[in-house]
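Survey of secondary and tertiary structure
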Amino acid sequence: MATRIADLSRSAPGREIVLGGLAVSGGVAIGPAHLIESGFEQVPEYRLEEADLPGERERFAEALAKSRRQIKKLKAKAQALPEQAAEDVGYLLDAHAAILSGSRLLRGVEARIAEERVNAEYAVQSEITAIAAQFAAMDDSYLASRIDDIREVGARLIRNLTKRQFQAFANLPEGSIVLAEEITPADTALMDPRRVAGFASALGGAQSHTAVMARSLGLPAVLGVPGLLAGVRPGQTVIVDGAAGQVIIDPTTETLSAYRIRRDLARADRKQLEALVGLPSCSRDGVTVTLSANVELPRDVQVATELNAAGVGLLRTEFMFMNRDDLPGEEEQYSILRGVVEGMAGKPVTIRTLDLGGDKIASALGGRFAEAPNPSLGLRAIRLSLKEPKLLETQLAAILRAGAHGPIRVLLPMITAIGEIRAVKAALDRTMRRLKRRRVPVPAAMPPLGAMIEVPGAALIADALAREVDFFAIGTNDLVMYTLAADRGDETVSHLYDPLHTSVLRLVQFTVEAALRARIPVSACGEIAGDPRFTALLVGLGIRDLSMAPLRLLEVKRRILTLDSVAAARRARMMLDQTDSGRIAALLDDFNEGG
């Protein structure tokens with residue numbers, strides 16, 4: 001008999017457990033569990049100069065604050081467990097919170113940093129070793145059990161200090177299911193779909209960048225699963241149902257059989273979709289909608305070309321900065337970008353400048369800036385690039401050089417003011433002149449420059465921005481987040497994140513109309529661009545260019561082939577007249593069902 005909630009003991013073999021979370025990437029994955037534990041491992045040791053001590057104390061304080069926030073989020077998630085389980089987990093997390101608030105561990109770490117002048121992670125490990133030795137000498141079973149809590153808290157602190165990324169994915173058995181407390185976008189970038197069948201985590205939001213990358217990789221994923229790691233054993237058979245938002249641990253024979261059938265049916269549907277590869281993306285009434293690919297990683301290029309994408313509508317360059325402790329130089333960036341441009345064989349590639357911040361953090365940059373109270377509203381994207389001119393001009397040089405090998409466009413993220421665009425134009429001019437003086441091959445003309453519309457302020461001045469740029473790309477993910485003040489990576493407010501909210505639709509409409517008046521192209525490149533449910537709405541609003549994860553191209557094409565654009569426009573106008581998101585959703589779904 002299956003149970004719908006987590007039994008923390010999980011001692012009875014063969015007992016199927018069904019856990020619920022957020023459905024973030026559809027599909028079914030079946031395989032052995034691979035647990036990412038918060039284990040304790042050797043850390044580097046180095047000595048500090050007197051002048052370095054204040055910075056090291058600040059670094060420890062930031063890791064401490066982050067650890068406290070993580071415990072708070074886990075405790076909130078635990079409330080979804082049954083009463084007894086919630087109480088047990090609550091006691092455990094309360095103990096961890098207490099250790100993170102004025103305990104001997106913290107006092108000892110701070111003293112070691114100040115007196116021994118050692119780095120914070122080594123101070124944490126040394127202090128835990130000392131405490132463990134003292135507890136063991138007392139021969140008290142209660143104290144011996146408490147040291148396990150201290151070790152877990154210490155491991156969390158070290159993980160946050162080192163910003164350690166998961167490096168073991170390359171050695172996983174084929175078809176593994178990764179289970180973790182939290183999976184970052186950088187962790188997801190390390191996953192090879194040939195080895196990782198799917199993943200789930202206790203924390204995470206439906207529209208976080210981790211979720212976006214899961215969809216890009218075609219990996220079934222469920223985030224925000226309470227009690228996920230409470231007793232599951234490595235190697236245990238696990239099912240991840242990315243559509244229903246369920247994780248099934250130790251499934252029965254009947255459940256396994258049913259899910260294998262679902263997986264086989266999905267594969268059959270995929271084969272039917274593949275028959276559409278060579279067909280033009282054209283509606284029933286003859287309107288062509290260009291379908292391009294969002295590229296998270298260079299390996300996406302092969303899939304995009306195999307599925308006949310019209311080009312790369314959004315190349316996210318953050319992958320070059322992830323999972324490393326140094327910054328990529330001009331040559332390295334150029335080499336990678338050239339590979340993408342050449343891989344598209346003459347089809348246009350839209351390269352977005354660095355968009356770090358929010359839930360995308362590069363360790364090579366992390367030490368330069370204090371942790372922001374709200375990273376989504378802080379120094380990120382174009383703001384970071386303009387604050388670090390060398391970082392920006394190095395990237396622009398690599399982009400311009402890649403443009404000598406095929407058609408490119410340059411896209412600027414998180415634009416909020418005309419001055420930002422003009423500053424980048426000046427940097428582009430300087431960089432182009434420098435490259436020409438060095439006789440480095442570059443495009444004959446400056447590549448088109450575009451602005452991402454993902455902040456309400458940008459949408460509201462779209463008419464002015466349209467006079468400064470050559471194209472718009474609407475980033476619906478962030479536009480929804482900023483418009484509704486709902487962090488897309490926070491599962492506690494995920495219910496507020498609504499792409500069909502009237503305010504969001506009006507901002508999209510305002511942007512599209514400004515682009516049409518200025519006679520510049522406008523595309524949608526957020527998650528809804530790759531969701532067939534929203535295709536009719538976007539086409540009805542006047543958007544004729546959609547960019548999405550490569551694996552979504554054929555599903556969207558299938559919807560376009562059945563679509564009447566005139567009818568879609570009438571329905572979109574009807575939806576814009578509504579004020580209730582539920583009514584808007586009903587109108588959209590009714591239209592989709594009727595064709």
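As shown above, the structure is provided for reference.
The present account deals with the structure reproduced in this document. (Residues numbered from 1 in each chain as written. Predicted model: local features only at pLDDT ≥ 70, side-chain atom pairs only at ≥ 80, totals over all residues. Heavy atoms only, no water.)

What follows concerns the overall build of the chain. Assigned secondary structure in the chain consists of 22 helices and 16 strands. Expressed as a percentage of its 595 residues, the buried residues of the chain come to 54%. Look at the contacts in the chain between residues 6 or more apart in sequence, and 69% of them connect residues 24 or more apart. Accessible surface, the chain: about 25000 Å² in total, of which carbon and sulfur atoms supply 53%. (Helix = DSSP H or I, 4+ residues; strand = E, 2+ residues; numbered from the N terminus. Buried < 20%, exposed > 50% of the residue type's maximum accessible area, 1.4 Å probe, protein only. Contact = heavy atoms within 4.5 Å. Areas by Shrake-Rupley, 256 points an atom, 1.4 Å probe, with all protein chains shown as cover.)

Within the secondary structure layout, Val225 lies in the loop between β6 (221-223) and β7 (237-241). On the basis of relative accessibility, which here comes to 0%, the residue Val225 falls in the buried class. Distance from Val225 to Glu181, taken between C-alpha atoms, is 8.9 Å for residues 44 residues apart in sequence. Beyond its immediate stretch of four places on either side in the chain, Val225 contacts Leu19, Gly20, Gly21, Ser201, Ala202 and Val247.

In this section: the side chain of Thr350. Looking at the element boundaries, Thr350 is found in strand β11 (residues 349-352). Within polar-contact distance, the side chain of Thr350 engages the side chain of Arg409 at 3.0 Å. In this structure Thr350 touches Val312, Gly313, Leu314, Leu315, Arg409, Leu411 and Phe471, once residues within four positions along its chain are discounted. (Polar contact = N/O pair within 3.5 Å; in protein donor to acceptor, adjacent residues only side chain to side chain.)

The calculated volume of the second largest pocket comes to roughly 910 Å³. Lining the second largest pocket we find 26 residues, and of these Gly26, Gly27, Gly218, Ala266 and Arg270 sit closest to its centre. Where the lining of the second largest pocket is concerned, the elements lending two or more residues are β2 (22-25), β3 (28-36), β5 (196-201), α7 (209-217) and α8 (253-274). When residues in the lining of the second largest pocket are grouped by element, the largest group, seven residues, is from α8. In terms of residue class, the lining of the second largest pocket is made up of 14 nonpolar, four polar and eight charged. Two domains each put at least three residues into the lining of the second largest pocket: domain 1 (17-38 + 181-268) and domain 3 (276-594). (1 Å grid on protein atoms, 1.4 Å probe; cavity = no way out; pocket = protein on both sides within 12 Å on 5 of 7 lines; lining within 4 Å. Points joined across faces, edges and corners; volume = space filled by probe spheres on them. Nonpolar A, V, L, I, M, F, W, Y, C, P; charged D, E, K, R; others polar. Domains from an automatic or database assignment.)

Right, let's get into the packing of helix α19 (residues 532-540) against helix α20 (residues 553-561). The geometry of α19 relative to α20 is characterised by a closest axis approach of 9 Å and an angle of 50° between their N-to-C directions. In terms of orientation, α19 lies oblique with respect to α20. The two elements α19 and α20 meet at a crossing, and its hand is right-handed. Residues Pro532, Thr535 and Ala536 of α19 form the contact with α20, whose own contacting residues are Glu555, Val556, Arg559 and Ile560. Here the residues of the contact of α19 with α20 are counted per class, giving four nonpolar, one polar and two charged. (Axes fitted to C-alpha atoms, helices over the stretch in contact; angles between N-to-C directions. Parallel < 35°, antiparallel > 145°, perpendicular 65-115°, else oblique. Left-handed = near helix turned anticlockwise from the far one by under 90°.)

We now examine the packing of aromatic side chains. Summed over the entire model, instances satisfying the criterion amount to zero aromatic pairs. Just above the ring of Tyr334 sits the side chain of Arg401; from NZ or CZ to the centre is 4.0 Å. Above the ring of Phe471, the side-chain terminus of Arg409 is found at 3.7 Å from the ring centroid. (Phe/Tyr/Trp six-rings, centres within 6.5 Å; stacked < 30°, edge-to-face > 60°. Lys NZ or Arg CZ within 6 Å of the ring centre and 35° of its normal.)

Remark on secondary structure: sheet strands pair via backbone hydrogen bonds, oriented parallel or antiparallel. Around the barrel, eight strands lie side by side as β9-β10-β11-β12-β13-β14-β15-β16; this closed barrel has parallel pairing. Ignoring which end each strand starts from, the neighbouring axes of this sheet average 30° apart. Inspection of the sheet shows strand β13 (residues 449-453) paired to strand β14 (residues 471-474) by four bridges, in the parallel sense. Residue pairing across strands places Ala451 opposite Phe472, the latter belonging to β14. (Pairing = 2+ DSSP bridges.)

Bringing the nonpolar core into the picture now. Counting residues in hydrophobic clusters, the biggest one holds 113 residues, and the most contacted among them are Phe199, Leu315, Phe472, Leu537 and Leu546. Element by element, the count of residues in this core is highest for helix α13 (residues 389-402), at eight residues. Counting only domains with at least three residues in this core, you end up with domain 1 (17-38 + 181-268) and domain 3 (276-594). Once residues lying within four places of it in the same chain are set aside, the contact partners of Phe199 are Val178, Ile183, Thr188, Met191, Thr210, Ala214, Leu219, Pro220, Ala221, Val222, Leu223 and Val240. Of all hydrophobic cores here, the second largest spans 28 residues; its members include Ile99, Ile113, Ile158 and Ala202. (Core = buried A, V, L, I, M, F, W, Y, C linked by side-chain atoms within 4.5 Å.)

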